[in-house]
Amino acid sequence: MPLPLDPIGKPARFAWAAGVCLALGALVFASRLWLLQAWGTPVPYWDQWDAEGALYRAWLTGSLDWRQLFAAHNEHRIVLTRLADLALLELGGGWSRWAQLGLNAALHAATAGLLAAAFWPALAPRARIGWIAGLAALFCTAAGWQNALWGFQSQVYFTELFGLVGITLVASVPPWALRWWIGWSALVLACLGTAGGTLAAVAAFAAAPSDRHGLRGWRPFLAIGLVVVLGLALQPTAPHHAALRAQDAGQFLRVLARGLSWPLADSSWAWIVVQLPLLVLWIDRRRRGVRCDPAERRALALAVFAALHVAAVAYSRGAGLPDARLLSRYQDPLHLALAAQFFALLRLATERGRPGRLAALGWSAVVFAGLLALTYHALIAHLPFKRAQDAAGLDYIRTYLQNRDPRAFPPPSPFASPHPDPAAILRVLDDPVLQPVLPRQFFQPLP
């Protein structure tokens, strides 16, 4: 039988759990600050020059209106990121990529802490030690380094965080209670992060209680369905990305299989192992005629959320992914799924005794070896390359600002400068409205 939840009303137990979860969040935040200190840069990257430059210019000239906040950005409407960037611009008095990266780190740490808290009461005391250790290993790795070092990607963290909050509360409290409405509102906010927020609302159907007798029992599902309809209505089309879509079913399935196999990204069949704990847990509950409790429904919903995310990436970017592997910036939602699988593993290990514990150790060793491999490759290959690219980009910018010669930038290239088209950078650097808020590092003399 599923383990009963601990009584939340005991102050000492609640304070201990809160302290552990806060400590986990602090550890994850510190690990991301190290990543920023070691590999970060003040230079905006790619879409930031176009999208943020136009946003800041509209704000500084007083011409910004709500339509620009909701304007399409590729397949998304990144309302929360735009609002956050404007807040950071005002609070910091300038265009600070460091502040954006710090926000990304804080959102990532908050997701880890809330995830720990969401499942803490549903685990046995000994299993909680493994739960916190596993989350620390998962969220402190450099697997999602692209989003961590790209200030513009707060959109991903907003969607992940609000999706987690929405799914957790929808599954945990009776419909129409205050916390249920907070969860429903979080799902709405997730839709304003990226188009992936709609997937979180779809996954919330798996988390909601299954009592659907009569119209009253169906009303919570109708309310969640409204969020899905809202998300679909907000989702724009991006015809210029049509060439990146999967060209056939085989290409789609290859990306899907490797995405579901994460972090064992080199295999197209490892998904059988990675997805096994929740599958075994669900089959066990069905075989015994036992309903999944709220914690188990949350775990299933997070796995569905990540699977839908992988399917969306496989469809929309299948033709543009080398070796059918998800790029680092597509991997952050998979942290939630892997944590859900780990929770199911700990549940099964507690219920099955010694055989269950041995199986849990084997699964954990295989999966965390994959995380270590991803981190190793990031540290020895991807991050050094990006640091060299960023250093060259900063030199190009400083050289241009000193002599105003466009030849300071190399010819258009996806890799040679902070934007594939140097003209996009020049438009920002030459704009008299934006010049006062540009990063101060741009105006330092060349070494």
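Scroll up to find the structure this text is about.
Residues numbered from 1 in each chain as written. Predicted model: local features only at pLDDT ≥ 70, side-chain atom pairs only at ≥ 80, totals over all residues. Heavy atoms only, no water.

A. Seen up close, the overall build of the chain. A tally of helices and strands in the chain yields 17 helices and 0 strands. At 23 Å, the chain has a C-alpha radius of gyration in line with the 22 Å of a compact globule built from 447 residues. By principal-axis analysis of the C-alpha atoms, the chain measures approximately 75 × 50 × 45 Å. The proportion of buried residues among the 447 residues of the chain is 53%. Within the chain, residue pairs in contact and separated by at least 24 positions form 76% of the contacts whose partners lie at least 6 positions apart. For the chain, the exposed area adds up to about 19900 Å²; of that, 68% sits on carbon and sulfur atoms. Of the charged side chains in the chain, 38 are positive and 24 negative; the average position of the first set lies 11 Å away from that of the second. (Helix = DSSP H or I, 4+ residues; strand = E, 2+ residues; numbered from the N terminus. Rg over C-alpha atoms; globule rule 2.2 N^0.38 Å. Buried < 20%, exposed > 50% of the residue type's maximum accessible area, 1.4 Å probe, protein only. Contact = heavy atoms within 4.5 Å. Areas by Shrake-Rupley, 256 points an atom, 1.4 Å probe, with all protein chains shown as cover. Lys, Arg positive; Asp, Glu negative; His and termini not counted. Charge placed at Lys NZ, Arg CZ, Asp CG, Glu CD.)

B. Highlighting the pattern of salt bridges. Here the structure, examined in full by the defined rule, presents 16 salt bridges. Across the pair E296 and R347 runs a salt bridge whose closest N-O atoms are separated by 2.6 Å. Here the residue E296 occupies a position in helix α15 (residues 294-317), and R347 occupies one in helix α16 (residues 333-403), the gap between them amounting to 51 residues. Comparing E296 with R347, the two get one shared label, buried. (Salt bridge = Lys/Arg side-chain N within 4 Å of Asp/Glu carboxyl O.)

C. Main features of the environment of L401. Its place among the elements puts L401 in helix α16. It is 7.1 Å that separates the C-alpha atoms of L401 and F443, two residues lying 42 residues apart in sequence.

D. Fine view of the environment of G393. By the element assignment, G393 lies in helix α16. Take G393: its relative accessible area is 0%, and that puts it in the buried class. Residues G393 and R325 lie 68 residues apart in sequence; the distance between their C-alpha atoms is 27 Å.

E. The arrangement of helix α12 (residues 249-260) in detail. Taking 1.5 Å per residue as the helical rise, α12 with its 12 residues ought to reach 16 Å, and the 16 Å between its terminal C-alpha atoms agrees with that figure. Of all the positions in α12, only Q251, V255, L256, A257, R258, G259 and L260 are classed as buried. Buried residues belonging to α12 abut α13 (271-274), α15 and α16. Between a side-chain oxygen at the N-terminus of α12 and the backbone nitrogen of G250 the separation is 3.1 Å; the capping residue is D248. (Expected span 1.5 Å × (residues − 1). Polar contact = N/O pair within 3.5 Å; in protein donor to acceptor, adjacent residues only side chain to side chain.)

F. Main features of a nonpolar patch on the surface. A surface patch of nonpolar side chains, about 480 Å² in accessible area, is lined by W269, W271, I272, V273 and V366. With 3 residues, α13 is the largest single contributor of residues to the nonpolar patch. Among the secondary structure elements, V366 is positioned in helix α16. (Patch = residues over 30% accessible without salt bridge, like charges linked within 9 Å, V, L, I, M, F, W, Y side chains within 5 Å.)

G. Quick look at the packing of aromatic side chains. The full count for this structure, using the stated rule, is 17 aromatic pairs. Ring centres of W180 and W181 lie 5.1 Å apart, and the angle between their planes is 90°; on these two criteria the pair is classed as edge-to-face. Residue W180 is classed as buried on the basis of its relative accessible area, which comes to 1%. Ring centres of W181 and W184 lie 5.5 Å apart, and the angle between their planes is 75°; on these two criteria the pair is classed as edge-to-face. (Phe/Tyr/Trp six-rings, centres within 6.5 Å; stacked < 30°, edge-to-face > 60°.)

H. Expanded view of the packing of helix α14 (residues 276-288) against α15. The geometry of α14 relative to α15 is characterised by a closest axis approach of 11 Å and an angle of 135° between their N-to-C directions. It follows from the interaxial angle that α14 and α15 lie oblique. Regarding α14 and α15, the two cross each other, and that crossing is left-handed. Here L278, L281, W282 and R285 of α14 come into contact with α15, specifically with E296, A299, L300 and A303. For the contact of α14 with α15, the residue count by class is 6 nonpolar, no polar and 2 charged. (Axes fitted to C-alpha atoms, helices over the stretch in contact; angles between N-to-C directions. Parallel < 35°, antiparallel > 145°, perpendicular 65-115°, else oblique. Left-handed = near helix turned anticlockwise from the far one by under 90°. Nonpolar A, V, L, I, M, F, W, Y, C, P; charged D, E, K, R; others polar.)

I. Molecular detail of the environment of P406. Here P406 shows up in the loop between α16 and α17 (422-429). The class of P406 is partly exposed, set by a relative accessible area of 47%. Residues P406 and W218, 188 residues apart in the sequence, show an inter-C-alpha distance of 62 Å. Ignoring anything within four residues of it in the chain, the contact list for P406 reads Y400 and L426.

J. The arrangement of the nonpolar core in detail. With 87 residues, the main nonpolar core has L115, F119 and W131 as its most contacted residues. The biggest single contributor to this core is α16, with 19 residues. Those residues in contact with F119, other than ones at most four positions away along the chain, are W131, A295, R298, A299, L302 and F343. (Core = buried A, V, L, I, M, F, W, Y, C linked by side-chain atoms within 4.5 Å.)

K. Examining unusual backbone geometry more closely. With an omega of 15°, the peptide bond running from W262 to P263 counts as cis. Although it is not a glycine, R404 sits at a positive phi angle of roughly 55°. Within the secondary structure layout, R404 lies in the loop between α16 and α17. In this structure R404 comes out as partly exposed when scored by relative accessible area, which is 38%.

Remember that the coordinates give geometry; whether it matters functionally is a separate question.
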